[in-house]
Amino acid sequence: MKKVVHTPEGVRDIYGNECQRKHFLQDKIHENILRFGYQDIETPTFEFFDVFGKEIGTTASKELYKFFDKEGNTLVLRPDFTPSIGRCAAKYFMEESLPVRLTYLGNTFTNTSNLQGKLKETTQMGVELIGDDSVMADAEMIHIAVSSLKAAGLSDFQISIGEIGFFKGICRELQLDEDTEAELRENISNKNYFGAEELLSDKNLSQKQVESILKITELFGSVEILSEAKELVHNAQSKCAIDRLMRLYELLQIYHDERYISFDLGLVSKYHYYTGIIFKGYTYGTGDAIVTGGRYDALLSYFGKNSASIGFVINVDGLMQAMASRKLLPDIYPLMTLITYEKGCESDAIRYAGELRSLSKNCELLQLDAEHDDTYFVEYAKKRPNTSVVKLSSKGIKELYNA
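Note that the coordinates shown come from a computational prediction; the quantities given were computed from them, not determined experimentally.

Trainee: Explain the pairing of strand S6 (residues 121–130) residue by residue, including any values.
Mentor: Along any regular strand the residues' side chains alternate between the sheet's two faces. The buried fraction of S6 amounts to nine of the ten residues, a majority that puts the element mostly inside the structure. Examined bridge by bridge, strand S5 (residues 100–109) and S6 share ten bridges and lie antiparallel to one another. Bridged to Leu105 within S6 is Met125. For S6 and strand S12 (residues 309–315), the ladder comprises seven bridges, and the chain directions are antiparallel.

Take a look at the structure:
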């Protein structure tokens with residue numbers, strides 16, 4: 001008995017119509033992104049460990065796939081694209097003074113043991129706008145995310161926007177140290193509000209102060225929530241963050257994107273490199289965000305280039321799952337012609353197939369034999385959508401079945 005070899009936990013094969021659908025979605029999103037002036041970039045699947053190190057504020061070391069090269073350097077499979085793009089931008093666009101617009105497609109790898117059936121390898125498409133610290137850049141980024149989801153065929157979704165500066169301003173107002181801020185951010189990011197409250201209870205804060213910072217977890221909803229949030233804080237950083245969000249919303253109205261926009265001031269990311277707006281996109285059919293992004297104005301400085309930046313990624317697998325659950329994925333079955341041919345007619349079969357392919361038609365060559373006659377191939381074609389059959393013999397070409 002032959003042994004069946006399975007894939008490791010957290011990865012899967014994609015083939016057939018599902019694979020065609022995935023490529024279709026990727027092409028639609030890519031076409032939309034290119035309309036905004038973004039250029040393609042490819043980065044290596046693995047990088048030096050330092051590119052995703054703790055100082056940069058990316059994925060925790062225990063969640064990385066790590067290995068060694070022959071010189072003993074520690075390498076990792078990329079867990080997310082942003083640090084890789086930052087490294088590239090610092091290397092190839094060091095002297096560029098105008099904004100740099102980059103887009104990418106590839107897989108990321110996260111070695112987490114408690115994923116509850118979620119994928120450890122996921123396909124991401126994203127964009128990065130480097131060298132622009134304006135709120136216009138923020139609006140462009142969110143509009144591209146909205147228009148990309150619409151281009152893929154999705155209509156019911158929400159982009160939830162937060163601002164890490166609002167959270168940081170409150171932490172400074174309460175004089176929390178960096179370690180406490182980081183741990184608090186982790187708790188809030190994981191929706192562990194009891195853990196956040198317990199953490200703050202040991203920091204010589206009054207009950208009113210504890211309640212004020214935990215109040216941010218309740219500040220979500222439509223644009224009206226921004227005015228309420230501004231009244232709750234008394235520091236310049238948090239107020240400036242709200243003012244920027246208000247201006248951002250005005251620009252998104254000009255883009256006609258307001259129906260897709262909500263705000264969540266408790267939105268803080270596990271990626272500590274975010275410095276300004278943070279946003280996530282949600283839809284029906286999946287419990288996870290299908291879009292994640294934000295501003296990371298300090299990240300490129302780790303690679304030697306001081307440059308404001310903002311970007312986002314679309315989780316293609318999550319988008320596929322959401323659209324499949326709602327039957328929004330198109331059936332993609334291209335027209336196909338099966339060219340069956342008798343032994344001895346190989347040259348004619350190759351020439352005929354070449355003629356069809358030169359006309360951008362798809363065809364497949366199959367040889368007739370004792371086990372596979374005309375009837376067999378006709379029945380085979382009937383099981384495949386949009387598939388016709390012709391027979392090529394010494395007598396010429398005969399149509400056997402027209403789908």
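Trainee: Quick one: what's the story with the packing of aromatic side chains, residue by residue and with numbers?
Mentor: For any pair of aromatic rings, the description rests on two quantities: the centre-to-centre distance and the angle between the ring planes. One pass over the structure, following the stated rule, counts eight aromatic pairs. Arranged with centres 6.0 Å apart and planes meeting at 70 degrees, the rings of Tyr273 and Tyr296 form a pair that is edge-to-face. Within this pair, whereas Tyr273 is found in the loop between strand S9 (261–264) and strand S10 (277–283), its partner Tyr296 is found in the loop between strand S11 (291–295) and S12, the two being separated by 23 residues in sequence. By relative accessible area, Tyr273 is classed as buried at 4%. Taking relative accessible area as the criterion, Tyr296 reaches 1% and is therefore assigned buried. For the ring pair Tyr376 and Phe377, a centre distance of 5.6 Å and an interplane angle of 85 degrees mean the geometry is edge-to-face. One aromatic cluster is present, formed by Tyr273, Tyr274 and Tyr296 through successive ring pairs.

Trainee: Residue-level account of the confidence of the model for the protein chain, with values.
Mentor: In this model, the protein chain carries an average pLDDT of 91, and 98% of its residues clear a pLDDT of 70 or more. Per-element averaging of pLDDT across the protein chain places helix H7 (residues 207–214) at the bottom with 80 and helix H3 (residues 135–152) at the top with 98.

Trainee: Account for the pattern of salt bridges, naming residues and giving values.
Mentor: Side-chain pairing between opposite charges can occur once the charged atoms of the two side chains come close. Counted under the stated rule, the structure contains 17 salt bridges. The salt bridge partner of Lys230 is Asp243, with a shortest N-O separation of 2.6 Å. A residue pair is termed long-range when its members are at least 10 positions apart, and Lys230 in helix H8 (residues 224–232) and Asp243 in helix H9 (residues 236–254) qualify at 13 residues. Overall, Asp243 belongs to the partly exposed group, its relative accessible area being 35%. One salt bridge in this structure joins Asp297 and Arg295, with 2.8 Å as the shortest N-O distance. By relative accessible area, which is 29% here, Asp297 ends up partly exposed. The structure contains a network of salt bridges with shared partners spanning Asp138, Arg244, Arg295 and Asp297.

Trainee: How would you summarise H3 if you had to cite specific residues and measurements?
Mentor: Taking 1.5 Å per residue as the helical rise, H3 with its 18 residues ought to reach 26 Å, and the 26 Å between its terminal C-alpha atoms agrees with that figure. Most of H3 is tucked away, with 15 of its 18 residues classed as buried.

Trainee: An account of the nonpolar core is needed here, citing residue identities and associated values.
Mentor: In this structure, Ile142, Ile161, Phe166, Leu184 and Leu319 are the most contacted members of the largest nonpolar core, which totals 86 residues. Considering each element in turn, this core owes the most residues, ten residues, to H3. Among the nonpolar cores identified, the runner-up in size contains ten residues, and Tyr352, Cys363, Val390 and Leu392 belong to it.

Trainee: Describe the packing of helix H1 (residues 16–34) against helix H10 (residues 316–325), listing the residues and the values that go with them.
Mentor: Contact geometry of H1 with H10 gives a least axis separation of 11 Å together with a crossing angle of 115 degrees. Considered as vectors, H1 and H10 are oriented roughly perpendicular to each other. The way H1 lies across H10 gives a crossing that is right-handed. Listed contacts from H10 to Glu18, Arg21, Lys22, Leu25, Gln26 and Ile29 of H1 are Val316, Asp317, Leu319, Met320 and Met323. Here the contact of H1 with H10 is composed, by residue class, of six nonpolar, one polar and four charged.

Trainee: Lay out the sheet that holds strand S4 (residues 74–77) with the relevant residues and their values.
Mentor: As summarised here, the arrangement of the three strands in space is S2-S4-S3, forming an open sheet in which the pairing is antiparallel. Sheet topology places strand S2 (46–48) and strand S3 (66–68) at the edges, where each strand pairs with a single neighbour. Taking the axes of each pair of neighbouring strands and ignoring which way they run, one obtains an average angle of 40 degrees across the sheet. Note: S3 against S4, three bridges, orientation antiparallel. Bridge pairing in S4 places Lys66 opposite Val76.

Trainee: I'd love a proper account of unusual backbone geometry, names of residues and values included.
Mentor: At His256, a position not held by glycine, the phi torsion is positive, near 65 degrees. Relative to the helices and strands, His256 is located in the loop between H9 and S9. By relative accessible area, which is 62% here, His256 ends up exposed. A positive phi is found at Asn386, a non-glycine position, where the angle reads about 60 degrees.

Trainee: Describe H9, and please don't skip the residues or the numbers.
Mentor: The end-to-end C-alpha distance of H9, which contains 19 residues, comes to 28 Å, matching closely the 27 Å that a straight helix rising 1.5 Å per residue would cover. Those residues of H9 lying buried are Ser238, Ala241, Ile242, Leu245, Leu248, Tyr249, Leu251 and Leu252. Packing partners of the buried residues in H9 comprise H3, strand S7 (157–163), helix H4 (164–173), H8, S9 and S10. Backbone nitrogen of Gln237 and a side-chain oxygen of the N-cap are separated by 3.3 Å at the start of H9; the cap is Asn235. In the stretch just after H9, His256 is the one whose phi turns positive, near 65 degrees.

What counts, and at which threshold
- Residues numbered from 1 in each chain as written.
- Predicted model: local features only at pLDDT ≥ 70, side-chain atom pairs only at ≥ 80, totals over all residues.
- Heavy atoms only, no water.
- Buried < 20%, exposed > 50% of the residue type's maximum accessible area, 1.4 Å probe, protein only.
- Helix = DSSP H or I, 4+ residues; strand = E, 2+ residues; numbered from the N terminus.
- Pairing = 2+ DSSP bridges.
- Phe/Tyr/Trp six-rings, centres within 6.5 Å; stacked < 30°, edge-to-face > 60°.
- pLDDT = per-residue confidence, 0-100.
- Salt bridge = Lys/Arg side-chain N within 4 Å of Asp/Glu carboxyl O.
- Expected span 1.5 Å × (residues − 1).
- Core = buried A, V, L, I, M, F, W, Y, C linked by side-chain atoms within 4.5 Å.
- Axes fitted to C-alpha atoms, helices over the stretch in contact; angles between N-to-C directions.
- Parallel < 35°, antiparallel > 145°, perpendicular 65-115°, else oblique.
- Left-handed = near helix turned anticlockwise from the far one by under 90°.
- Contact = heavy atoms within 4.5 Å.
- Nonpolar A, V, L, I, M, F, W, Y, C, P; charged D, E, K, R; others polar.
- Polar contact = N/O pair within 3.5 Å; in protein donor to acceptor, adjacent residues only side chain to side chain.

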